[in-house]
Amino acid sequence: MKLSQEEQEMLNGKYGKAAKKSMEILITLGEIFDADSMVEVTGVQIAGVSYANLDEAGLEFLNEMAEDGKVKVLTTLNPAGMDRENWQALGIDENFAINQNRAIDAFAKMGIITTCSCTPYLIGNSPHFGQHLAWAESSAVCYANSVIGARTNREGGPSALASALTGKTPRYGYHLDENRYGEVLINVKTFVSGTDQFGILGKFVGDKLVELGKKIPYITGVSSATVEELKSLCASVATYGGAAMFHMENITPEYNKYPKPSKLVVEISQDDMDKARSELTDSDIEIDFVSIGCPHASLHEIATIAKLLEGKKVKKEFWITTARPTKKIADQAGYSKTIEDAGAKFAADTCCVVAPIKGRFKGIMVDSAKACYYGRAKNKFKVKIGTIQECIEEAIK
Ligand code: F3S
């Protein structure tokens, strides 16, 4: 790889041990993917933050990097394994909390903003069109590439950290125009609306991508989409199809930059949507847990939940997972009080997937297709998908 003078000096150790180690990681990655040079990034999102993922080996690596490493660009964190202020009320073990805080402290020492959210684009790590990034949360990667038109590969935790400490990433994959073309036309022949339906659409599209061995869908037939619907779709298509980007006609910014695929065409009917929905609901489910906020709930979603819960009482464990800054605005707006008076709980900084709650509940109801996948695969829950309103009706039943 061709390195600039600064990159070479980082590699030689002029900027310290962490920058040197980071440059070694990035060069190795670049060589694997045939990158000819580095590109400067304007922002980083680090995943794998939960102590359940890191364990002692990961923590040792972080502490080593934190000895002299300092971030060069705006860097935020993915959800941790617990709400940092409210972990006891959510039933998190004290030892886990101590270890989780050790990890967060190491990130903070490097100058990383410890917001712990998978929707960095809602809380200030918000790139604009064409900017290069090194993000490592699959749903956020898909959102950045597709909805914003920024450019990022799907990084791992160590490579994202290496980019944060150097401000660079190897120029390959989604940083290059030639890898951003739609490969399969997905024609949606039915009306799609709401976070649950966009998640179900993402599951259908994701499953098709796997079947066809393709990575980038070009979706037509969707008349409008909100931020919340798009974040749900991004999470789902990334989970089920490994997609890091899609185009959506008349909605995403690069939809007419590249030719529309015409050779491979798939249609989605209402029957297909119904079938995909039924695959996300276990028939013998006994629901004892409801969670909204995968990806992390926006202020608009919290306002909706508050309105639906006003004057009611939940009878099941009910979490709203969101970013701490969003929760703080919800506090000021009075939404949090309405929600907490109803007996629901905020789980800021974390979510129903990364929190260590495996086996604690029998069945979970969510509005997110991604949460269905991991609820089953990671936490061994039975799952059911529904609208936000249906989730709340279940919680108060
Ligand atoms: Fe975010 Fe957790 Fe869902 S990290 S995308 S809320 S699984």
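This is a predicted model, so every value here is computed, not measured. (Residues numbered from 1 in each chain as written. Predicted model: local features only at pLDDT ≥ 70, side-chain atom pairs only at ≥ 80, totals over all residues. Heavy atoms only, no water.)

As for the sheet that holds strand 11 (residues 317-322)
Move 1: With parallel pairing, 5 strands are arranged side by side in an open sheet as 12-11-10-13-14. What marks the edges here is a single partner per strand, and that holds for strand 12 (345-348) and strand 14 (382-385). Going across the sheet, the axis of each strand differs from the next one's by a mean of 25°, ignoring polarity.
Move 2: Relative to strand 13 (residues 363-366), strand 10 (residues 289-297) runs parallel, the two being bridged by 3 bridges. Paired with Ser 291 across the bridge in strand 13 is Val 366. (Pairing = 2+ DSSP bridges. Helix = DSSP H or I, 4+ residues; strand = E, 2+ residues; numbered from the N terminus. Axes fitted to C-alpha atoms, helices over the stretch in contact; angles between N-to-C directions.)

Regarding the packing of aromatic side chains
Move 1: Counted by the stated rule, this structure contains 10 aromatic pairs.
Move 2: Ring centres of Tyr 181 and Tyr 258 lie 4.9 Å apart, and the angle between their planes is 35°; this geometry places the pair in the tilted category. With Tyr 181 in the loop between strand 5 (168-170) and strand 6 (184-188) and Tyr 258 in the loop between strand 8 (247-248) and strand 9 (265-268), this pair connects stretches of sequence that are 77 residues apart.
Move 3: In this structure Tyr 181 comes out as partly exposed when scored by relative accessible area, which is 37%.
Move 4: Among the residues examined, Tyr 258 registers a relative accessible area of 9% and is labelled buried.
Move 5: Ring geometry for Phe 289 and Phe 381: centres 6.3 Å apart, planes at 90°, overall edge-to-face. Of this pair, Phe 289 sits in strand 10 while Phe 381 sits in the loop between helix 13 (369-377) and strand 14; the two residues are 92 residues apart in sequence, bridging distant segments of the chain. Each member of the pair, Phe 289 together with Phe 381, is buried.
Move 6: Aromatic rings pair up to connect Phe 289, Trp 319, Phe 361 and Phe 381 into one cluster.
Move 7: Sitting above the plane of the Tyr 15 ring, Lys 72 keeps its charged end 5.5 Å from the centroid.
Move 8: The ring of Phe 346 carries Lys 327 above its face, with NZ or CZ at 5.1 Å from the centroid. (Phe/Tyr/Trp six-rings, centres within 6.5 Å; stacked < 30°, edge-to-face > 60°. Buried < 20%, exposed > 50% of the residue type's maximum accessible area, 1.4 Å probe, protein only. Lys NZ or Arg CZ within 6 Å of the ring centre and 35° of its normal.)

Things to note about the domain arrangement of the chain
Move 1: Splitting the chain by domain gives domain 1 (5-177), domain 2 (181-279) and domain 3 (289-396).
Move 2: One C-alpha centre belongs to domain 1, the other to domain 2, and the line joining them spans 28 Å.
Move 3: In this complex, domain 1 contributes 18 residues to the contact, which on the side of domain 2 involves 20 residues.
Move 4: Buried surface at the junction of domain 1 and domain 2, both sides included, amounts to about 1,500 Å², of which 65% is carbon and sulfur.
Move 5: Between the two partners, domain 1 and domain 2, sit 2 salt bridges.
Move 6: With its nearest N and O atoms 3.5 Å apart, the salt bridge here joins Lys 257 to Asp 177.
Move 7: Viewed at the interface, domain 2 and domain 1 are joined by 5 residue pairs in polar contact (both at pLDDT 80 or more). (Domains from an automatic or database assignment. Contact = heavy atoms within 4.5 Å. Buried area = accessible area lost by both parts, 1.4 Å probe. Salt bridge = Lys/Arg side-chain N within 4 Å of Asp/Glu carboxyl O. Polar contact = N/O pair within 3.5 Å; in protein donor to acceptor, adjacent residues only side chain to side chain.)

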